[in-house]
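Read off the chains here:
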Amino acid sequence: MDMDRETLRHLLLEYLKKDDRSQLTTIYNGVAETAFKEGYIEPPSGHTASQGYSEEMLPQDSRMQLQELTWELIIQGILTPGANSANPNLPFVRLTEYGRKCVDENDVLPHDYGTYLQQIKSFSSKTDAIFLLYLTESVQAFIKGLYNSSILNLGIASEQLTLLLITAYKNALATKSAKQKFDEAINKARHIAYQFDELYKRLEVVKGKMPIELGQDIAMIRFLENIVRQNRNDAGHPSGRSFEREEALALLVTFPHHYKTVVKLLKWLSSATI
């Protein structure tokens, strides 16, 4: 199995769930053990578990990347140097209060960049390229501390989902006249909020034809879409508002659930006649 930088980031965050304060060498040894147990790297010939694991077993480039990733987590406020007042400096590190909150989350974190995007891609056999472009920008901006930019790009990604739903709904309409009426209604205003509301009214009418679970999720699609759009508007206009890390984190953590439901709706519309 390949072990690229994002895999190493994931393994490091996973290890920190088990050991929230330690020396760097202990953490790196733990990452090496996890990498071997999950099959990313082969142990040396004749090695047994009783002999333990060492970061020296990792490729040189992986060891260097682990050092860089540790500093990234410090910059992002997940780790801080020092274990306690008696050991306040490196090589000791510990999770911050924010870091503990992050690793305790059951959802995949945007800090775990590669795994987060891999999860998004797993929901659909063909992820829309425009949607993925802006979502990727959003996650990259988040881990660099650019929270207004993160929310702005998340909002654009959400708008692309609305456009995909509009197209899918139109294609599912049974007659040419129905398609024409829908086009006329949607095109009365170019504002994405208006277009989504027009779409939502029509989805409410046909939700009885949907699988029960999907019909129940329609309201949640509207709720989350409105939240993302409102925050996107605040971030994208000269309002003077500065978003906090926790606000961006909350939106990104909940967004995969929103996207998963949209994917289900798109799939249903692709085979429905309404």
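Basis of the calculations
- Residues numbered from 1 in each chain as written.
- Predicted model: local features only at pLDDT ≥ 70, side-chain atom pairs only at ≥ 80, totals over all residues.
- Heavy atoms only, no water.
- Helix = DSSP H or I, 4+ residues; strand = E, 2+ residues; numbered from the N terminus.
- Buried < 20%, exposed > 50% of the residue type's maximum accessible area, 1.4 Å probe, protein only.
- Contact = heavy atoms within 4.5 Å.
- Areas by Shrake-Rupley, 256 points an atom, 1.4 Å probe, with all protein chains shown as cover.
- Lys, Arg positive; Asp, Glu negative; His and termini not counted.
- Charge placed at Lys NZ, Arg CZ, Asp CG, Glu CD.
- Pairing = 2+ DSSP bridges.
- Axes fitted to C-alpha atoms, helices over the stretch in contact; angles between N-to-C directions.
- Parallel < 35°, antiparallel > 145°, perpendicular 65-115°, else oblique.
- Nonpolar A, V, L, I, M, F, W, Y, C, P; charged D, E, K, R; others polar.
- Core = buried A, V, L, I, M, F, W, Y, C linked by side-chain atoms within 4.5 Å.
- Salt bridge = Lys/Arg side-chain N within 4 Å of Asp/Glu carboxyl O.
- Phe/Tyr/Trp six-rings, centres within 6.5 Å; stacked < 30°, edge-to-face > 60°.
- Lys NZ or Arg CZ within 6 Å of the ring centre and 35° of its normal.

A.B. asks: I tried to follow the overall build of the chain on my own but got confused; where do I start?
C.D. replies: Along the backbone of the chain there are 11 helices and three strands. Shown N-terminal to C-terminal, the secondary structure of the chain runs as helices and strands in the order α-β-α-α-β-β-α-α-α-α-α-α-α-α. Each of the three principal axes of the chain carries a C-alpha extent, and together these read 75 × 50 × 30 Å. When each of the 274 residues of the chain is scored for burial, the buried share is 47%. Of the contacts formed within the chain by residues at least 6 apart in sequence, a portion of 63% connects residues at least 24 apart. A total of about 14200 Å² of accessible surface is found on the chain, and carbon and sulfur atoms cover 51% of it. Both charge centroids of the chain, one from 31 positive and one from 34 negative side chains, sit 10 Å from each other.

A.B. asks: Please clarify how the pairing of strand β3 (residues 92-95) should be interpreted in this entry.
C.D. replies: If a strand is regular, its side chains alternate between the two faces of the sheet. Of the two faces of β3, the one lined by V93 and L95 is fully buried and the one lined by F92 and R94 carries no buried residue. Pairing of strand β1 (residues 21-23) with β3, which is carried by three bridges, proceeds in the antiparallel orientation. Within the sheet, the bridge partner assigned to S22 lies in β3 and is V93. As paired strands, strand β2 (residues 79-81) and β3 are joined by three bridges and run antiparallel to one another. Pairing of P81 across the sheet is with V93, part of β3.

A.B. asks: What is the right way to read the side chain of H258 from this model?
C.D. replies: Summarising the element assignment, H258 is placed in helix α11 (residues 245-271). Non-local contacts of H258, meaning those with residues more than four positions away in its chain, are made with S158, L161, I221, L224 and E225.

A.B. asks: How do you make sense of the packing of helix α4 (residues 97-104) against α11 when you look at a structure like this?
C.D. replies: Angle between the axes and distance between the axes: these two values describe a pair of packed helices. Orientation of α4 relative to α11, taken along the N-to-C sense of each, is 5°, at an axis distance of 13 Å. Judged by the inter-axis angle, α4 sits roughly parallel to α11. Here Y98, K101 and C102 of α4 come into contact with α11, specifically with R245, E246 and L249. A breakdown of the residues in the contact of α4 with α11 according to their chemical character gives three nonpolar, no polar and three charged.

A.B. asks: Looking at this structure, how should I read the nonpolar core?
C.D. replies: Soluble globular proteins tend to bury their nonpolar side chains together. Counting residues in each nonpolar core, the largest one holds 79 residues, and the members touching the most others are L135, F255, L265, L269 and I274. Excluding its chain neighbours within four sequence positions, the residues that come into contact with I274 are Y169, A172, L173, A174, V206, K209, W268 and L269.

A.B. asks: Got a minute to help me understand the pattern of salt bridges in this structure?
C.D. replies: Oppositely charged side chains can pair when the atoms bearing their charge come close. Taken as a whole and judged by the stated rule, the model has 16 salt bridges. Residue R100 is joined to D104 by a salt bridge in which the shortest nitrogen-to-oxygen separation is 2.9 Å. Here D104 and R100 lie together in helix α4, a separation of four residues that amounts to about one turn. Its relative accessible area of 26% is what places R100 among the partly exposed residues. Of the residues examined, D104 reaches a relative accessible area of 47% and is grouped as partly exposed. One network of salt bridges, with partners in common, ties together R5, E6, R9, E68 and E72.

A.B. asks: What is the right way to look at the packing of aromatic side chains in this model?
C.D. replies: Geometrically, a pair of aromatic rings is defined through the distance of the ring centres and the angle of the planes. Across all of its chains, the model carries seven aromatic pairs by this definition. Where F123 meets Y259, the ring centres are 6.2 Å apart and the plane angle is 50°; that geometry is what we call tilted. One end of the pair, F123, is in the loop between α5 (113-122) and α6 (129-143); the other, Y259, is in helix α11, with 136 residues separating them in the sequence. Between the aromatic rings of F131 and Y259, the centroid separation amounts to 4.5 Å while the plane-to-plane angle is 15°, which identifies the pairing as stacked. With F131 in helix α6 and Y259 in helix α11, the pair connects residues that are 128 residues apart, well separated along the chain. Of the two residues, F131 and Y259, both sit in the buried class. Among the aromatic residues, those joined into a cluster by ring pairs are F123, F131, F255 and Y259. We note R245 situated over the ring of Y98; from NZ or CZ to the ring centre the distance is 3.5 Å.

A.B. asks: What should I look at first to understand the sheet that holds β1 in this one?
C.D. replies: What links the strands of a sheet is backbone hydrogen bonding, and the strands pair in either a parallel or an antiparallel sense. Taken in spatial order, the three strands make up an open sheet running β1-β3-β2, and their pairing is antiparallel. At either end of the open sheet lies a strand with only one pairing partner, and these are β1 and β2. The mean angle between the axes of side-by-side strands here comes to 25°, regardless of whether they run parallel or antiparallel.

A.B. asks: Teacher, can you tell me more about unusual backbone geometry here?
C.D. replies: Most peptide bonds take the trans configuration, and most residues that are not glycine carry a negative phi. P91 follows L90 through a cis peptide bond whose omega is 15°. In this structure, P91 sits in the loop between β2 and β3.

Everything listed is a geometric property; what it means functionally is a separate question.
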